[in-house]
Amino acid sequence: MESKSTMLNIVRFTGGTILAIGISIFLYGFFISDYSAITGIGIGTIMGAIFIFLMGVFFVATEEMQDKTDKGIRII
């Protein structure tokens, strides 16, 4: 269980950091800059952070399910 919680912490920290960067880029592009491309980059960064977080949680859940299932074929 230790490796799963470590992986969740890594995914949470990475996703949160990229999300904060994406929000700051979006706000800069929306309110300060005259270029609309920066706003799109911010939205893409936010979506990337959400994707990274969801994929990390999916991988941890998949690993958890593989550890709990019986392995091998039963021969009767």
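Please refer to the structure higher up on the page.
Residues numbered from 1 in each chain as written. Predicted model: local features only at pLDDT ≥ 70, side-chain atom pairs only at ≥ 80, totals over all residues. Heavy atoms only, no water.

J.: Would you mind showing me how to read the overall build of the protein here?
T.: Helices and strands together make up the secondary structure of the protein, namely two helices and zero strands. Compactness check: the protein gives a C-alpha radius of gyration of 19 Å against a globular reference of 11 Å for 76 residues, more than 25% above the reference. Taken along its principal axes, the extent of the C-alpha atoms in the protein is 70 × 25 × 10 Å. Each of the 76 residues in the protein was classed as buried or not, and the buried ones make up 17%. Considering only contacts within the protein whose residues lie at least 6 apart along the sequence, 57% involve residues at least 24 apart. Accessible surface computed for the protein: about 6,100 Å², of which carbon and sulfur atoms make up 73%. (Helix = DSSP H or I, 4+ residues; strand = E, 2+ residues; numbered from the N terminus. Rg over C-alpha atoms; globule rule 2.2 N^0.38 Å. Buried < 20%, exposed > 50% of the residue type's maximum accessible area, 1.4 Å probe, protein only. Contact = heavy atoms within 4.5 Å. Areas by Shrake-Rupley, 256 points an atom, 1.4 Å probe, with all protein chains shown as cover.)

J.: Honestly, the environment of Tyr-28 in this entry has me stumped. Any pointers?
T.: With respect to the secondary-structure elements, Tyr-28 resides in helix α1 (residues 2–32). Sequence spacing of Tyr-28 and Arg-12 is 16 residues, and the spatial spacing of their C-alpha atoms is 24 Å. Not counting residues within four places of it along the chain, the set of residues in contact with Tyr-28 comprises Ser-33 and Ile-38.

J.: Sorry, what's going on with helix α2 (residues 36–68) here?
T.: Along an α-helix, residues three or four positions apart point the same way, because every turn accommodates 3.6 residues. A rise of 1.5 Å per residue sets the reference length of α2, with its 33 residues, at 48 Å; its end C-alpha atoms lie 49 Å apart and thus fit the reference within 8%. Residues of α2 that are buried include every one of Thr-39, Gly-42, Thr-45, Ile-46, Ala-49, Gly-56 and Val-60, and no others. (Expected span 1.5 Å × (residues − 1).)

J.: How should I be thinking about the side chain of Thr-45 in this particular structure?
T.: Looking at the element boundaries, Thr-45 is found in helix α2. There is a polar contact of 2.7 Å between the side chain of Thr-45 and the backbone oxygen of Ile-41. Beyond its immediate chain neighbours, meaning those up to four positions away, Thr-45 contacts Ile-18, Gly-22 and Ile-25. (Polar contact = N/O pair within 3.5 Å; in protein donor to acceptor, adjacent residues only side chain to side chain.)

J.: Which parts of the structure should I look at to understand the environment of Val-60?
T.: By the element assignment, Val-60 lies in helix α2. Along the primary structure Val-60 and Met-7 are separated by 53 residues, whereas in three dimensions their C-alpha atoms are 7.2 Å apart. Other than its neighbours up to four places away in sequence, Val-60 contacts Lys-4, Met-7 and Leu-8.

J.: Quick question: what am I supposed to make of the packing of aromatic side chains here?
T.: By convention here, two paired aromatic rings are described through the distance between centres and the angle between planes. Tallied over the entire structure, the rule returns three aromatic pairs. Aromatic pair Phe-26 and Phe-30: ring centres 5.6 Å apart, planes at 15°, arrangement stacked. Of the two residues, Phe-26 and Phe-30 are both situated in helix α1; the distance of four residues between them amounts to about one turn of the helix. A residue is classified by how much of its surface remains accessible, and Phe-26, at 23% relative accessible area, is partly exposed. Here the aromatic cluster, defined as three or more aromatic residues joined through ring pairs, consists of Phe-26, Phe-30 and Phe-31. (Phe/Tyr/Trp six-rings, centres within 6.5 Å; stacked < 30°, edge-to-face > 60°.)

All we've got here are geometric facts, nothing functional implied.
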